[in-house]
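Single-letter residue listing:
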Amino acid sequence: MVLTVRDVTVRFKGVTALEDVGLDLQRGRVHGVIGPNGAGKSTFVDVVSGRRRGGKASIVFDGENVAGRSVTWRRRHGIARSFQRTSVFPDLTVRAHFELVARTLRDESVDELIDALGLGPLLDRKCGQVSYGDQRRVDIGMALVGGPAVLLADEPGAGLSRSQSLELARFIRQLARERDMAVLYIEHDVDAVFEVCDDITVLNLGRVLMSGSPAEVRQDNGVRDAYLGREG
Amino acid sequence: MTLTSEDSMERRIKADVGSGNRRPGGPRLRPMWVVKVGLVAIGFLVPLVVTGPYQRHLVVNAAILGIFGLGVAFLIRRLGMVSLGHALYFGGAAYAFGAFSTHGGLDIVPALLLALGGVVAVALAVGSLLVRSRGIAFTMLTLAFGQFVFTLAGLTQTRSVTGGDDGLPVRMNGTLLGLTVRDFSNPTTMWTICWAVVTVVLLALGLIGRSRFGKLLEAIRENEERVRFNGSNTYLPVLVAYVVSALVAGIAGVLFALYNSFLSLDVLAWTTSGNALIVSFIGGCWTATGPLWGALIYTVGNAMLVSGGRNEWQLYVGVAVIVVMVFAKAGVVGSLQAQWVRRRERRQPPVDLVRTS
Ligand SMILES: Nc1ncnc2c1ncn2[C@@H]1O[C@H](COP(=O)(O)OP(=O)(O)OP(=O)(O)O)[C@@H](O)[C@H]1O
Ligand SMILES: [Mg+2]
């Protein structure tokens, strides 16, 4: 187990966004997190990535509780994330994006990553001027620099077409296998989740509704009632 | 497996056009550099055109204010952080230089180096507190620190060092590059010195801007949180940028002391910080030389409009700032530059359009 998260509780002025949520991530496997809007998925990623600290959560990464560590520390030690709302630097070139991270994390193999992402021809364009889909690739690409042990992908397919987001999901699964990386994968497209994920946790109203293999989750009545049923 | 997107075809076409457009061959001297070197050379000849002693005095003042503006604008341009307290470094360096020379009896060179070293030390200390904040909080804190030092310098207890309200006549000892006090108070000589400093500062700030460090600053300006999620600490780079900007302000302050050999407390006042800000905005903080032109406009305008004892200058400055902010947000230089680029693009449409349509 590369990452074990327990007891994540987050409250916003009366609203309980997360209540005692936990899950495990393993190298080489994709762990899907699904749940309706406002279920607390992004908040959970915020906690694991260090954007939101405090509380009694335990986040054990490679045997060490990193709950008190900063965002920067976690990224340097192998917990990377991408963002639901694209998070890039509009005025910098695509190349500069990768150079910045590669230098910080001393990664000399970014060129391969750039090729794999299909961003080669865009390197000299400002990120604000490339298509939305390409910006998403840059966002995820930056998270992959340095070969993190854990990738927290918060709806990488947001805003992409169904086929594009499915392609991205498969790409991420392949990366997990090739690089022996643990992936937490949030996605609204349930079909994509069932296809690429090895484990699935279902969140609803800040609580874990259930957790298990795709087959188990698919058969669960509670999940169907709360989530799958409504989504069709 | 690699990812492709639906616009990859179009992208490939553009890439081809792009590469076809690039001329082969190794690194060449780009025409822009020739122009820049030419402008620097021409700058040294300004006294040939500006012949009146008073006019020369004005351009020297403009250069000093312009360098100060470059320092303040650096923080705005690279980090979007507006300081209203850089008089602390401008005036502080001037007073430190004055005190080291006059009271300490040091020669010009050590006094100057100590003053600038002091600026760096103070900027590190003050900056380490200030750069945790951003936006309006940062601006207000810079103002508070600036005013704190301004008040301190005016106290009776510090009077023996600063001269208080009476000001501090600076007694300079020794020489700098063979020049003495008399040379420094000569606007023609001082212009040459100022212009050399302008060149060095522009070059240094330009190199910083292009460096990886500059890119990092830009990234912090655009999306600081994301920079942290990329594993970079953002505190230290911002602190370093703050110190650089303070140092440039300090250099301007030392030039001011050299030229005037007399200091009064208003070099530390927040209005002095405000002037640097105003010239940056008038000229444009988003271009390399904007603050210099802003300072020229400001200084010459001041001289023309405040003749005959009338003091409506602040009124005109106010109007000028409003006009610039409403009609030319990028500043005078910035807007002219943008217009030039637009006109050029109209004359030769971008290659992409020609090929793909
Ligand atoms: N900064 C905040 N302040 C107050 N409430 C917040 C904040 N961030 C999130 N919330 C609330 O916490 C709950 C969980 O939000 P979160 O963004 O984690 O959901 P999500 O599962 O990611 O939803 P989505 O699928 O829409 O991305 C929601 O009720 C949301 O309104
Ligand atoms: Mg979310």
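Now for a quick tour of the structure. (Residues numbered from 1 in each chain as written. Chains lettered and ligands numbered in written order. Predicted model: local features only at pLDDT ≥ 70, side-chain atom pairs only at ≥ 80, totals over all residues. Heavy atoms only, no water.)

## Focus on the interface of chain A and chain B
By convention, interface size is frequently given as the accessible area that disappears when the constituent parts associate. Applied cut-off: What makes two residues a contact is simply this: any of their non-hydrogen atoms within 4.5 Å. Defined in terms of a 1.4 Å probe, buried area is the accessible area two parts forfeit on being brought together, summed over both. Every case where a carboxyl oxygen of Asp or Glu lies within 4 Å of a side-chain nitrogen of Lys or Arg is listed as a salt bridge. We define a polar contact as two N or O atoms separated by no more than 3.5 Å, with the added condition that, inside protein, one atom must be a possible hydrogen donor and the other a possible acceptor, whereas residues neighbouring each other in sequence contribute only through side-chain atom pairs. Each helix is a run of H or I in the DSSP string that is no shorter than four residues. Each strand is a run of E no shorter than two, and both are numbered from the N terminus. Following the grouping adopted for this structure description, the nonpolar residues are Ala, Val, Leu, Ile, Met, Phe, Trp, Tyr, Cys and Pro, the charged ones are Asp, Glu, Lys and Arg, and the polar ones are all others, Gly among them.
Taken residue by residue, the interface counts 40 residues in chain A and 27 residues in chain B. Roughly 3000 Å² of surface becomes buried between chain A and chain B when both sides are summed, with 54% attributable to carbon and sulfur atoms. Considering only the surface of chain A that becomes buried against chain B, Phe89, Arg103 and Glu167 of chain A emerge as the three largest contributors, covering 17% of it. One can count three salt bridges joining chain A with chain B. Close ionic contact of Arg51 of chain A with Glu225 of chain B constitutes a salt bridge, the shortest N to O distance being 2.7 Å. Applying the counting rule to chain A against chain B returns nine residue pairs in polar contact (both at pLDDT 80 or more). Among the elements of the structure, helix H2 (71–76), helix H3 (94–105), helix H4 (110–116), helix H5 (132–144) and helix H6 (162–179) of chain A are those that each provide at least two residues to the side of chain A that touches chain B. Here the element with the most residues in the side of chain A that touches chain B is H3 of chain A; it accounts for seven residues. Residues of the side of chain A that touches chain B, tallied by class, amount to 18 nonpolar, eight polar and 14 charged.

## Looking at the site of ligand 1
Residue and element names in this part refer to chain A. Applicable threshold: Throughout, the term near means that a residue has one or more heavy atoms lying within 4 Å of the molecule or strand in question. The Shrake-Rupley method, run with a 1.4 Å probe sphere, supplies the accessible areas, and residue values consider only the shown protein chains as cover.
Contacts to ligand 1 come from 14 residues, most closely from Asn37, Lys41, Ser42, Thr43 and Gln84. Separating an oxygen atom of ligand 1 from a backbone N or O atom of Gly38 is a distance of 2.9 Å. Glu155 places a side-chain nitrogen or oxygen 3.5 Å from an oxygen atom of ligand 1. Relative to its unbound accessible area of 630 Å², ligand 1 is 61% covered by the protein chains. In terms of residue class, the shell around ligand 1 is built from four nonpolar, seven polar and three charged.

## Let's talk about the pattern of salt bridges
On inspection of all chains with the given rule, the structure shows 22 salt bridges over all chains. Two residues, Arg29 of chain A and Asp199 of chain A, come together in a salt bridge whose shortest N-O distance is 3.1 Å. In this pair, Arg29 of chain A sits in the loop between strand S2 (15–25) and strand S3 (30–34) while Asp199 of chain A sits in strand S9 (residues 199–204), placing the two residues 170 residues apart along the sequence. With a closest N to O distance of 3.9 Å, Asp154 of chain A and Arg81 of chain A form a salt bridge. Placement of Asp154 of chain A in strand S7 (residues 150–154) and of Arg81 of chain A in strand S6 (residues 79–82) is noted, with a sequence separation of 73 residues between them. Through salt bridges with shared partners, a single ionic network connects Asp46, Arg51, Arg81 and Asp154 of chain A together with Glu225 of chain B.

## Let's talk about the sheet that holds S2 of chain A
Residue and element names in this part refer to chain A. The line we're drawing: Being paired, for any two strands, means DSSP has found at least two bridges between them. Axes here refer to lines fitted to C-alpha atoms; in helices the fit is confined to the stretch in contact. Angles between the N-to-C directions go from 0 to 180 degrees.
Spatial ordering of the open sheet is given by S2-S1-S4-S5, a layout of four strands whose pairing is antiparallel. The sheet is open, and its two borders are formed by S2 and strand S5 (64–65), each paired with just one other strand. Two elements, strand S4 (residues 58–61) and S5, share two bridges in a ladder whose sense is antiparallel. In the strand pairing of S5, Phe61 is matched with Glu64. Contacts from helix H1 (residues 41–49) reach strand S1 (3–12), S2 and S4, with the element oriented near 120° to S1.

## Here we look at the coordination of the magnesium ion (ligand 2)
All names here are of chain A. Basically, it comes down to this: The donor set comprises N, O and S atoms within 2.8 Å of the metal, extended to 3.2 Å for Na, K and Ca; water molecules are omitted, so apparent gaps in a site may simply reflect that omission. Using a 1.4 Å probe on the protein chains alone, a residue whose accessible area is under 20% of its type maximum counts as buried, one over 50% counts as exposed, and one in between counts as partly exposed.
Ligation of the magnesium ion (ligand 2) by protein atoms is provided by Ser42 (OG) and Gln84 (OE1), these donors lying 1.9 to 2.1 Å from the ion. Of this pair, Ser42 sits in helix H1 while Gln84 sits in the loop between S6 and H3, and the two are 42 residues apart along the sequence. We classify Ser42 as partly exposed; its relative accessible area is 24%.

## Re unusual backbone geometry
Most peptide bonds are trans, and most residues other than glycine sit at a negative phi. Residue and element names in this part refer to chain A. Even without being glycine, Asp7 reaches a positive phi, approximately 55°. Considering the arrangement of structural elements, one finds Asp7 in strand S1. On the basis of relative accessibility, which here comes to 36%, the residue Asp7 falls in the partly exposed class.

## Regarding empty space enclosed by the protein
Which entries qualify depends on this criterion: Here the term cavity refers to a set of points on a 1 Å grid, laid over the protein atoms alone, in which a 1.4 Å probe fits but cannot get out; the term pocket refers to an open set having protein on both sides within 12 Å along at least five of seven lines, with lining residues being those that place an atom within 4 Å of a point. Grid points are joined across faces, edges and corners, and a volume is the space filled by probe spheres set on the points.
Per the stated rule, a full pass over the model turns up two cavities of 30 Å³ or more. Taken together, Phe89, Leu100 and Val101 of chain A together with Leu216, Val227, Asn230 and Ser232 of chain B make up the full set of residues lining the second largest cavity. At the level of secondary structure, the elements contributing two or more residues to the lining of the second largest cavity comprise H3 of chain A together with helix H11 (212–229) of chain B. Here the residues of the lining of the second largest cavity are counted per class, giving five nonpolar, two polar and no charged.

## Examining a nonpolar patch on the surface
Residue and element names in this part refer to chain B. Where we set the bar: A patch consists of residues whose relative accessible area exceeds 30% and which take part in no salt bridge; residues with like charges are grouped when within 9 Å of each other, and nonpolar side chains (Val, Leu, Ile, Met, Phe, Trp, Tyr) when within 5 Å.
On the surface, a nonpolar cluster with roughly 630 Å² of combined accessible area is contributed by Leu315, Val319, Ile322, Val323, Val326 and Phe327. With respect to the secondary-structure elements, Leu315 resides in helix H15 (residues 313–327). Take Leu315: its relative accessible area is 55%, and that puts it in the exposed class.

## Overview of the layout of surface pockets
If you roll a probe as big as a water molecule over the atoms, it shows you where there is empty space left. Residues and elements named next belong to chain B. There is about 540 Å³ of room inside the second largest pocket. If you go around the second largest pocket, you meet 19 residues; those closest to its centre are Asn61, Leu65, Phe256, Asn275 and Tyr298. Listed by contribution, the elements that provide at least two residues to the lining of the second largest pocket are helix H4 (53–79), helix H12 (235–260), helix H13 (270–283) and helix H14 (290–305). Counted by class, the lining of the second largest pocket contains 10 nonpolar, eight polar and one charged residues.

## Brief notes about the packing of H13 of chain B against H14 of chain B
Residue and element names in this part refer to chain B. Applicable threshold: In this scheme, roughly parallel covers angles under 35 degrees and roughly antiparallel covers those over 145, while 65 to 115 is roughly perpendicular and the rest are oblique.
Where H13 contacts H14, the axes come no closer than 7 Å and their chain directions differ by 110°. On the basis of the axis angle, H13 is roughly perpendicular to H14. In this structure, H13 contributes Asn275, Ile278, Val279, Ser280, Ile282 and Gly283 to the contact, and H14 contributes Gly290, Pro291, Gly294, Ala295, Ile297 and Tyr298. When grouped by side-chain class, the residues that make up the contact of H13 with H14 number seven nonpolar, five polar and no charged.

## Things to note about the sheet that holds strand S10 (residues 207–212) of chain A
All names here are of chain A. Strand order across the open sheet formed by six strands is S6-S7-S8-S3-S9-S10, with mixed pairing between neighbours. For this open sheet the edge positions go to S6 and S10, each flanked by a neighbour on one side alone. Averaged over all neighbouring strand pairs, the angle between strand axes comes to 15°, with direction disregarded. Relative to S9, S3 is paired through four bridges, and the arrangement is parallel. Residue pairing for S9: Ile34 is matched across the bridge by Val202.

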